[in-house]
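Structural features, examined
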Amino acid sequence: MKADESMGWAVDVIDPRILSSLMLAKVKTNLNLISHNSAMGLISRVLNSGIFVTEVFVDTVGDAEKYEAELSKRFPGITFKVAKKADSLFPIVSAASIAAKVTRDKALKEWIIEETGQEITREFGSGYPGDPVTKEWLQKHLHNVFGFPTLVRFSWETCKSIITKNGVEVHWEAEHEMDEGKVRYGKTVLMESNAIGRHDFFVKRKLQQIVTRF
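Read on for an overview of the structure.

Calculation notes
Residues numbered from 1 in each chain as written. Predicted model: local features only at pLDDT ≥ 70, side-chain atom pairs only at ≥ 80, totals over all residues. Heavy atoms only, no water. Buried < 20%, exposed > 50% of the residue type's maximum accessible area, 1.4 Å probe, protein only. Helix = DSSP H or I, 4+ residues; strand = E, 2+ residues; numbered from the N terminus. Pairing = 2+ DSSP bridges. Right-handed = clockwise from strand over helix to strand, strands pointing away. Contact = heavy atoms within 4.5 Å. Expected span 1.5 Å × (residues − 1).

For the rest of this paragraph, the subject is the pairing of strand 1 (residues 55-59). Of the two faces of strand 1, the one lined by Val56 and Val58 is fully buried and the one lined by Glu55, Phe57 and Asp59 carries no buried residue. Direction of pairing for strand 1 relative to strand 2 (residues 79-83): parallel, over a ladder of 5 bridges. Each residue of the ladder has a partner; that of Val56, found in strand 2, is Phe80. Between the parallel elements strand 1 and strand 2, the chain passes through helix 3 (residues 64-74) in a crossover that is right-handed.

Printed below as a string of structure tokens:
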């Protein structure tokens with residue numbers, strides 16, 4: 001890929017924190033839709049750079065026919081082929097798969113550990129749920145309250161299962177105050193109604209948590 005000057009490639013790197021926030025938000029965005037948006041973003045970048053595109057081959061995420069129809073509608077004039085295990089069928093998808101995996105491995109190797117006060121090893125394993133090294137790493141690096149280090153996608157089912165079994169259950173007062181919310185100028189303002197279970201720091205200073213939704 002590097003040796004052939006006629007080839008070009010690009011990747012869309014999505015931080016695990018962004019994936020977690022999208023997938024665990026009140027209005028959730030599933031991984032399929034995130035993947036679709038990422039692929040369409042890459043296609044747009046190529047087109048906007050002035051490259052003439054006639055065909056695009058894609059490894060399916062979700063229903064292949066629906067995905068292909070969605071891409072064709074978004075980018076008329078381009079012929080799309082969406083197929084399961086496309087990386088084993090089309091060399092160009094194989095190349096894309098290599099680019100993605102090498103980029104991921106490089107990101108893990110060079111990941112800057114932001115957490116302090118906790119020794120974090122880099123023996124991640126492959127990162128796949130069936131890898132015992134990965135499972136052991138997750139178990140060792142789980143904080144009962146704060147979960148995992150920032151390089152971990154909290155919305156991953158493997159992580160959610162570990163947190164459910166070993167994490168501390170937290171109840172947020174604001175989540176139960178919908179009925180007491182005040183509507184002002186088209187906004188719903190949610191306020192904590194009392195100080196039960198709140199830290200003395202907030203109680204003494206009479207600080208109130210407010211969540212505003214437009």
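Right, picking up where we left off after that structure.
Among the secondary structure elements, Gln118 is positioned in the loop between helix 4 (91-109) and helix 5 (132-140). C-alpha separation for the pair Gln118 and Pro149, spaced 31 residues apart in sequence, amounts to 9.6 Å.

As a further point, take the environment of Glu55. Structurally, Glu55 can be placed in strand 1. Along the backbone, Glu55 and Lys81 are 26 residues apart, and their C-alpha atoms lie at a distance of 7.9 Å. If sequence neighbours within four positions are ignored, Glu55 has contacts with Ile78 and Thr79.

Moving on: helix 2 (residues 31-48). An ideal rise of 1.5 Å per residue puts 26 Å on 18 residues; helix 2 measures up with 25 Å between its terminal C-alpha atoms. Looking only at helix 2, the buried set comprises Ile34, His36, Ser38, Ala39, Met40, Ile43 and Ser44. Contacts from the buried residues of helix 2 go to helix 1 (16-23), strand 1, helix 3 and strand 2. Two residues or fewer past helix 2, Gly50 is found with a positive phi of approximately 95 degrees.

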